[in-house]
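Spelled out from the first residue to the last, the chains are:
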Amino acid sequence: MSTPQVLLALLATGARHGYDLKHAYDARFPKARPLAFGQVYSTLERLTRDGLASEAGVERVDGPDRTVFAITDAGRESLRNWLDVVEPPAPHVTNALFMKVVAALLVDEAPGAEGGLAVTYLRAQRRAHLARMRDFTAVKTADGTSVGEVLAADYALAHLDADLRWIDLTLSRMTALRQEVLA
């Protein structure tokens, strides 16, 4: 995630202070990685320093004065440039699931007929993925769920489904993988 660009997008909808930006982020990206208030303010400092945002006044709302920030023309251009860049697919597989399977094969002293640590790990991981998929399905089918929350759940479900297909494929190739890893 690009926190500066996401904050610029929120500022593009109107000037806001840091507290309001944090709450707008939470409302718009409810299933995203949490954003701490400190991160909002440090990012606003950088955006201001780099000329992508500017101070647009001070507002007092039930408490201390809050500096309001607005996106600049340079900030709008930076945001448009960021949106024009297609995210490249990851060039390397650095998935923890794969790394744990190989590690389990390396340290398993008694693999047994059922496949040992690697198979046990994959079966447990499969159960955990299915449970998480049930959670996301409940979220997306609950009354009052926003379209944003449904889309976030759909995204997570697609990734979990891909992991499940990989787990099943890996289980079907465990004998060959074990031979290759231990060779």
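For the structure, see preceding data.
Okay, so let's go over this structure. Model, not experiment: these values are computed from the prediction.

**Here's the deal with the overall build of the protein**
Counting its regular elements, the protein contains eight helices and three strands. Moving toward the C terminus, one meets the helices and strands of the protein in the order α-β-α-α-β-β-α-α-α-α-α. Computed over C-alpha atoms, the radius of gyration of the protein comes to 23 Å, more than 25% over the 16 Å expected from 2.2 N^0.38 for 183 residues, which places it beyond the range of a compact globule. Seen along its three principal axes, the alpha-carbon backbone of the protein occupies a region of about 70 × 40 × 30 Å. The buried share of the protein, taken over its 183 residues, is 31%. In the protein, of all internal contacts separated by at least 6 residues, the share reaching a separation of at least 24 is 55%. With 21 positive and 23 negative side-chain charges, the protein shows a spacing of 4 Å between the two charge centroids.

**Quick word on the pattern of salt bridges**
Under the definition given, this model contains eight salt bridges. Residue Asp-50 is joined to Arg-49 by a salt bridge in which the shortest nitrogen-to-oxygen separation is 2.9 Å. Here Arg-49 falls in the exposed class, since its relative accessible area comes to 60%. Where Arg-60 meets Asp-65, a salt bridge forms, and the shortest distance between an N and an O atom there is 2.8 Å. Asp-65 sits in the partly exposed class, given a relative accessible area of 49%.

**Looking at the pairing of strand β3 (residues 65-71)**
Within β3, five of the seven residues are buried, which leaves it mostly tucked inside the rest of the structure. Strand direction decides the pairing type here: strand β1 (residues 16-17) and β3, joined by two bridges, are antiparallel. Residue pairing for β3: His-17 is matched across the bridge by Val-68. Pairing analysis gives seven bridges linking strand β2 (residues 53-60) to β3, with the strands arranged antiparallel. By the bridge assignment for β3, Ser-54 is matched with Ala-70.

**Some remarks on helix α1 (residues 3-12)**
Along an α-helix, residues three or four positions apart point the same way, because every turn accommodates 3.6 residues. In terms of burial, α1 is largely enclosed, as seven of its 10 residues are buried. Taken residue by residue, α1 has Thr-3, Gln-5, Val-6, Leu-7, Leu-8, Leu-10 and Leu-11 as its buried positions. Residues of α1 that are buried sit in contact with β1, α2 (18-28), α3 (37-49), β2, β3 and α4 (73-84). Two residues or fewer after α1 comes Gly-14, characterised by a positive phi angle close to 150°.

Quick notes on the rules
- Residues numbered from 1 in each chain as written.
- Predicted model: local features only at pLDDT ≥ 70, side-chain atom pairs only at ≥ 80, totals over all residues.
- Heavy atoms only, no water.
- Helix = DSSP H or I, 4+ residues; strand = E, 2+ residues; numbered from the N terminus.
- Rg over C-alpha atoms; globule rule 2.2 N^0.38 Å.
- Buried < 20%, exposed > 50% of the residue type's maximum accessible area, 1.4 Å probe, protein only.
- Contact = heavy atoms within 4.5 Å.
- Lys, Arg positive; Asp, Glu negative; His and termini not counted.
- Charge placed at Lys NZ, Arg CZ, Asp CG, Glu CD.
- Salt bridge = Lys/Arg side-chain N within 4 Å of Asp/Glu carboxyl O.
- Pairing = 2+ DSSP bridges.

By themselves, these are just geometric observations and shouldn't be taken as functional.
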